[in-house]
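Here is what each chain is made of, one letter per residue.
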Amino acid sequence: MTSITNSETSVVRKARSVARIIEAPSTIEGGGFEVYRPFPGQVADWFDPFLLLDEMAPHHQAPGEAVGAPAHPHRGFETVTYILQGEVEHRDSAGHHGVIGPGDVQWMTAGDGIVHSEMPSTRIQTEGGVGHGLQLWVNLPASLRRTAPTYQALLADDMASVSGQGWSAEVVAGSMFGADGPASTHTPVGFARVTIQPGATLHVPITAGHTALVYAFAGTAGVGAAVDELHAHHLAVLADDGEAIALTVADDASEPFDCIVLTGEPIGEPMVRYGPFVMNTHAEIAEAISDFNAGRMGTIPASGTT
Ligand code: MN
């Protein structure tokens with residue numbers, strides 16, 4: 001764990017304005033759990049290089065009733081899972097296996113193709129518990145779509161912890177607040193969980209030209225140059241017209257503001273997406289479907305053989 005107190009972010013930078021705020025509609029995913037999905041949806045398909053964002057809604061799982069996402073494929077991009085509450089057990093056809101809990105991240109590069117399952121852990125399935133988490137899909141450059149699959153298990157203690165007056169952040173990826181997150185990425189991506197207390201203001205420095213998003217999962221903040229209100233289950237999309245994301249929480253707020261800040265250099269290449277596959281051409285999508293159907297993305301080893 002890197003733990004530093006940040007002074008750099010107290011420098012006031014020109015705040016980016018808010019291009020739009022998207023209320024995440026809820027939908028049912030996987031084995032039947034509710035997710036808030038700000039994108040893709042009716043408002044926007046994606047924010048280069050980010051392809052999808054899901055918040056698995058906080059839900060109580062009774063013993064024997066926890067549901068997840070059983071075996072399914074991916075090719076051509078990365079899936080990133082961040083656990084807020086509960087535990088998720090991952091298995092994949094490349095032989096990776098792991099259980100992640102609160103504050104942990106699983107950063108999986110599907111690349112050439114993988115079959116994986118994302119299920120509540122055996123303990124949660126047996127004992128029950130609350131599940132809450134986020135999943136982000138990160139695009140890959142055209143030249144890296146079929147790179148070998150990899151799996152990074154990043155534990156809460158691995159994150160770079162940064163704090164200042166009335167705020168704290170856990171940096172997962174990229175260089176943010178003067179700290180470097182532990183995730184290895186293929187293009188410049190920043191991912192941090194940020195918590196801001198009532199009465200505090202934070203400026204998050206952002207590289208010019210990079211996409212910048214804030215997804216709130218608890219509390220309310222004023223965001224951007226015009227201090228638009230950002231509530232839980234809403235995504236703020238920042239315009240590229242300033243040097244920082246400004247976040248302010250009112251003195252009389254009843255709870256801290258809790259969010260994920262995402263930044264990324266746009267890849268700027270054409271792509272074709274179809275369900276769990278994101279490729280460069282329609283022909284490559286057809287190839288991915290036939291490779292999966294023929295078993296060429298592999299199978300998940302039987303559970304118990306960790
Ligand atoms: Mn998946």
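Look above for the structure.
K.L.:
I would appreciate a short explanation of the coordination of the manganese ion in the present structure.
P.N.:
Tetrahedral coordination by four donors puts the ideal angle at the metal at 109.5 degrees, and octahedral coordination by six puts it at 90 or 180 degrees. Surrounding the manganese ion are the protein donor atoms His 72 (NE2), His 74 (NE2), His 116 (NE2) and Glu 118 (OE), which sit 2.1 to 2.5 Å from the metal. Sequence spacing of the donor residues for the manganese ion, all on one chain, is H-x1-H-x41-H-x1-E. Linking His 74 in strand E6 (residues 69-74) with Glu 118 in strand E11 (residues 114-120), this pair joins segments that are 44 residues apart in sequence. Comparing His 74 with Glu 118 shows no difference in burial state: the two are buried.

K.L.:
Sorry, what's going on with unusual backbone geometry here?
P.N.:
Both trends apply: most residues other than glycine have a negative phi, and most peptide bonds are in trans. Here the bond from Phe 39 into Pro 40 is cis, since omega is 0°, no more than 30 degrees from zero. In this structure, Pro 40 sits in the loop between strand E4 (33-39) and strand E5 (50-61). Residue Pro 49 is reached from Asp 48 by a cis peptide bond, and omega for that bond is 10°. You can see Pro 49 is positioned in the loop between E4 and E5. Here Phe 177, not a glycine, exhibits a phi torsion of approximately 55°, which is positive. Tracing the chain through its elements places Phe 177 in the loop between strand E16 (175-176) and strand E17 (179-180). Classification of Phe 177 as buried rests on a relative accessible area of 3%. One non-glycine residue, Val 227, lies in positive phi territory at about 55°. Inspection of the secondary structure puts Val 227 in the loop between strand E21 (220-223) and strand E22 (228-231).

K.L.:
Is there a simple way to think about the sheet that holds E22 in this case?
P.N.:
Taken together, the four strands give an open sheet; going across it, the order is E19-E24-E21-E22, and neighbouring strands pair in antiparallel fashion. The open sheet has two free edges, formed respectively by strand E19 (201-205) and E22, since each of these has just one partner strand. Averaged over all neighbouring strand pairs, the angle between strand axes comes to 30°, with direction disregarded. Taken together, the two bridges between E21 and strand E24 (residues 244-248) define a ladder with antiparallel strand orientation. Counted as the bridge partner of Gly 222 is Thr 248 from E24.

K.L.:
Please clarify how the pairing of E24 should be interpreted in this entry.
P.N.:
Taken residue by residue, a regular strand's side chains alternate between the two faces of the sheet. Counting buried positions over the five residues of E24 gives four, a clear majority of the element. By the bridge criterion, five bridges tie E19 to E24 in an arrangement that is antiparallel. Bridging across to E24, Pro 205 finds its partner in Ala 244.

K.L.:
How should I be thinking about the pattern of salt bridges in this particular structure?
P.N.:
Proximity of charged atoms lets side chains of opposite charge pair with each other. One pass over the structure, following the stated rule, counts 11 salt bridges. The closest approach of N and O atoms between Arg 146 and Asp 112, which form a salt bridge, is 2.6 Å. Taken together, the residues span a long stretch of sequence, with Arg 146 in the loop between strand E12 (129-139) and strand E13 (150-154) and Asp 112 in the loop between strand E10 (105-109) and E11 at a distance of 34 residues. Given a relative accessible area of 30%, Asp 112 falls into the partly exposed group. In this structure, Asp 291 and Arg 146 form a salt bridge, with 3.9 Å as the shortest nitrogen-oxygen distance.

Cut-offs and rules
Residues numbered from 1 in each chain as written. Predicted model: local features only at pLDDT ≥ 70, side-chain atom pairs only at ≥ 80, totals over all residues. Heavy atoms only, no water. Donors = N, O, S within 2.8 Å, 3.2 Å for Na, K, Ca; no water. Helix = DSSP H or I, 4+ residues; strand = E, 2+ residues; numbered from the N terminus. Buried < 20%, exposed > 50% of the residue type's maximum accessible area, 1.4 Å probe, protein only. Pairing = 2+ DSSP bridges. Axes fitted to C-alpha atoms, helices over the stretch in contact; angles between N-to-C directions. Salt bridge = Lys/Arg side-chain N within 4 Å of Asp/Glu carboxyl O.

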